[in-house]
Amino acid sequence: MMRVAFFALLTGLIALAQVSKGARIEGIVVTADGKPMAGAQVKLSRRVVVQGTQVTTDGVYFTTSDVSGRFALEDITTGGTYLMNAQRSGFATGWYGARSAIAQPAAFSVQPGQVLKGVRLVMLPQGVIFGRVTDSNGEPVRDARVQAMRRGYQDGVRQMIAVKMAISDEQGKYRLENLNPGRYFLVVQSSAIVVTGGGQDPKMGVLRTYYPNATEELAAAPLDLGPGQEIPGMDIRLRQGKVFSVRGKVVTANGPPAAGFGILALPSTNGDSLQVLTTIRGKQNQTREDGSFELLGLPRGTYTLQGYNIATQGTRTAGRMEIRIFDEDVEDVVLSLGDAGAVSGRIRMEDGDLKTILTPDDARPLRELLASKTDVPGRMTVGLKDLSRLPMGNNPSAKIGDDGTFSVTGAAPGIYQLTFGSMSPDIYVKSARFNGVDVTRDPVDISAGAAGSLEILLSDRAAEISGTVSMGKDESPVGVTVSLWTRDAEPIRTTTADESGNFRFRGLRPGVYYLAGWDDIDPGLAQMRDFLTQFTSEAAKVELAERAHATAEVQVTPAAKRKAAEEKLP
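Here's what I pulled together on the structure shown here. Everything numeric in this text was worked out from a predicted model, so none of it was measured.

## Focus: the packing of aromatic side chains
Right, on to step 1. Inspection of the entire model under this criterion finds six aromatic pairs.
Right, on to step 2. For the ring pair Tyr96 and Phe108, a centre distance of 4.9 Å and an interplane angle of 80 degrees mean the geometry is edge-to-face. Taken together, the residues span a long stretch of sequence, with Tyr96 in the loop between strand S9 (94-95) and strand S10 (108-110) and Phe108 in strand S10 at a distance of 12 residues. The burial state of Tyr96 is the same as that of Phe108; both residues are buried.
Right, on to step 3. An aromatic cluster is present here, built from Trp518, Phe531 and Phe535 joined pairwise through their rings.
Right, on to step 4. The lysine or arginine in question, Arg151, covers the ring of Phe185, its NZ or CZ lying 4.5 Å from the ring centre.
Right, on to step 5. The lysine or arginine in question, Arg175, covers the ring of Phe130, its NZ or CZ lying 5.3 Å from the ring centre.

Shown next as structure tokens:
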């Protein structure tokens, strides 16, 4: 079956044996039809947790498959959680445990002295899409950005997701390589944005253009790419249309101009997060010394103006406002910067001492932490996740002091989700109140720009669910996605099954949970509440009390049912 071509299977025996030089992984790299592949580079990367954030290191161990396709990674002395893939020119990257081109790879544990045999990495020949970009007169366009997009899900919204990008050369030619099989849409945006009309003619600009020549996402023509297929001649002629300018000034909260800040105009109707390129006297998206800015080449529409601090590399959003462009330039815009003030508070433990769960602060440099032999959880943090879905959204966090106090600063006015880093899996948030309002499951609203006080109560009585995925005969369960959800606003969680079909969820609050398995699913769809609730009546149901250790057997949902439920989504 074609589905098997996407699997990165781990089959055969997993044996434990003490060896003097560390762990060893043995396997084979094959093509979709099972033929051995020589000369594939196999990379094993350790996924490290640093300061509450998962970081995948760059290729901890490498090897190359021999003439029979076999490989062995030896002397793995650093234990932890790993990801594995195989690469070779002319083939798309093959990830261990990824059950399709868009599925997440499966992580697996390796310990010193362990021997893993029977790893099987399956690789598909890469697809290629190429063509030319021309202007309205048929002349080649250089440095145009051509992106291959797919329809998918992010943050509960169906939207276009960028997969690959290429830049056109001096002849307007572009080439999108290393593409997995699937359905794609092409979109082009040129850096040559504005063409000024003569006399009383309106300004004309080069518009973002979808293949073959559409300016609207819904009118884009799909391209179905098969394994190893090349699709030539995908020529795109850029469209022109009326464009307008937005001029104004960026000021700080107390009035002075904000020089050197970045400005983006993000179209509210486009969900693919492609930034609208704008020009400010030769500098893209940057305010002048007096805080003024001029964004050029914007077509009609509704936009979110977003300011951000370039000095902090966009990690702190400075301000936002909505504007609408009808048939004339927008003048005298004033974008006020400044955060919403500190969100301070205190964390307490129910029937316990908070200090017992606070890992000592590790202030070593990131490079040194990554080189360490074990995961570095770091000091527990409290954070705010920006729910705006804007590309330059910020997610500030703060470490918790020994006395349980914290102060999160740098958040722009908006709606945020409460997050926790480096929290023990045996702990759950029993309650959280922001200015007296319960935000245990609901968002933290600081859209009015007011600071506030956050009181959080933790409990060390978290529950957990472990279980197995039920698959058909002779099918490997590795990489099967398992979704966990409730009927209320509890955050949705997902994980992948290991080579034995086992999975585990920890740090759960008491309540009723539902679980379903997916053989091949968009990762964003597996976390979408409107989709999952369609399966509540047939999902595995588990009721948890505090400190409960429940088990569940999860059936893989048939693809036809999954597709039918997906079609019902807006």
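Now, onward.
## Observations regarding the sheet that holds strand S24 (residues 244-251)
Right, on to step 1. Spatial strand order, S28-S24-S31: three strands in an open sheet with mixed pairing. Both edges of this open sheet fall to strand S28 (292-298) and strand S31 (330-336), since each of them pairs with a single strand only. Averaged over all pairs of adjacent strands, the angle between their axes in this sheet comes to 30 degrees, without regard to strand direction.
Right, on to step 2. Bridge count between S24 and S28: five bridges; the pairing is antiparallel. If you follow Arg247 over to S28, its bridge partner there is Glu294.

## Considering the nonpolar core
One broad rule of soluble globular proteins: the nonpolar side chains tend to lie buried together.
Right, on to step 1. Ranked by internal contacts, the top residues of the largest apolar core, which has 27 residues, are Ile347, Leu354, Leu384, Leu454, Ile456 and Leu458.
Right, on to step 2. Elements supplying a minimum of two residues to this core: strand S32 (343-349), strand S33 (381-386), strand S35 (405-408), strand S36 (415-421), strand S37 (428-434) and strand S40 (452-459).
Right, on to step 3. Excluding residues that lie within four positions of it along the chain, Ile456 makes contacts with Arg346, Ile347, Arg348, Val382, Phe406, Leu418, Phe420, Val429, Ser431 and Ala432.
Right, on to step 4. In this structure, Ala40, Val42, Tyr61 and Val119 belong to the second largest nonpolar core, which totals 24 residues.

## Topic: the pattern of salt bridges
Right, on to step 1. Tallying each qualifying case throughout the model produces 28 salt bridges.
Right, on to step 2. Of the charged contacts in the structure, one is a salt bridge between Glu230 and Arg175, with a shortest N-O distance of 3.8 Å. Of the two residues, Glu230 is situated in strand S21 (residues 230-231) and Arg175 in strand S15 (residues 173-179); the sequence distance between them amounts to 55 residues.
Right, on to step 3. Residue Glu230 is classed as partly exposed on the basis of its relative accessible area of 46%.
Right, on to step 4. For Arg175, a relative accessible area of 40% corresponds to the partly exposed category.
Right, on to step 5. We note a salt bridge from Arg562 to Glu566, for which the minimum N-O separation is 3.7 Å.

## Considerations on the environment of Arg506
Right, on to step 1. Tracing the sequence through the fold places Arg506 in strand S44 (residues 502-508).
Right, on to step 2. Taking relative accessible area as the criterion, Arg506 reaches 28% and is therefore assigned partly exposed.
Right, on to step 3. Sequence spacing of Arg506 and Glu464 is 42 residues, and the spatial spacing of their C-alpha atoms is 4.4 Å.
Right, on to step 4. Look past the residues within four positions of Arg506 in its chain and what remains in contact with it is Pro425, Asp426, Ala463, Glu464 and Arg493.
Right, on to step 5. Within the structure, the side chain of Arg506 is placed 3.0 Å from the side chain of Asp426, a separation counted as a polar contact.

## Digging into the pairing of strand S13 (residues 145-154)
Right, on to step 1. S13 sits mainly inside the fold: seven of its 10 residues count as buried.
Right, on to step 2. Taken together, the 10 bridges between S13 and strand S14 (residues 157-167) define a ladder with antiparallel strand orientation. Each residue of the ladder has a partner; that of Arg150, found in S14, is Ile161.
Right, on to step 3. The hairpin formed by S13 and S14 contains two residues between the paired strands, and Asp155 there has a positive phi angle of roughly 55 degrees.

About the criteria used
The residue count restarts for each chain, going from 1 along the sequence in the order it is written. Local features in this predicted model are restricted to residues of pLDDT 70 or higher, and side-chain atom pairs are both shown and tallied only at a pLDDT of 80 or more, whereas totals for entire chains, interfaces and linings draw on every residue. Side-chain calculation: all heavy atoms of the structure are included, whereas hydrogens and water are not. Two rings from Phe, Tyr or Trp (for Trp, the six-membered ring) form a pair when their centres sit within 6.5 Å of each other. Planes less than 30 degrees apart are called stacked, planes more than 60 degrees apart edge-to-face, and all others tilted. Going along the chain from the N terminus, every DSSP run of H or I of four or more residues is numbered as a helix, and every run of E of two or more is numbered as a strand. The classification of residues rests on relative accessible area computed with a 1.4 Å probe and restricted to protein chains. Under 20% of the type maximum is buried, over 50% is exposed, and intermediate values are partly exposed. We call a charge positioned above a ring when the Lys NZ or Arg CZ atom is no farther than 6 Å from the ring centre and deviates by at most 35 degrees from the ring normal. Paired strands are those between which DSSP finds at least two bridges. Orientation is described by lines fitted to C-alpha atoms, with helices fitted over the stretch in contact, and by angles between N-to-C directions that extend from 0 to 180 degrees. To qualify as a nonpolar core, a set must consist of buried Ala, Val, Leu, Ile, Met, Phe, Trp, Tyr and Cys residues joined through side-chain atoms within 4.5 Å. Residue contacts follow a heavy-atom distance rule, with two residues in contact if any of their heavy atoms lie within 4.5 Å. Each salt bridge in this description consists of a side-chain nitrogen of Lys or Arg and a carboxyl oxygen of Asp or Glu lying within 4 Å of one another. We call two N or O atoms a polar contact when they sit within 3.5 Å, provided that within protein one can donate a hydrogen and the other can accept it, with sequence-adjacent residues counted only if both atoms are side-chain atoms.

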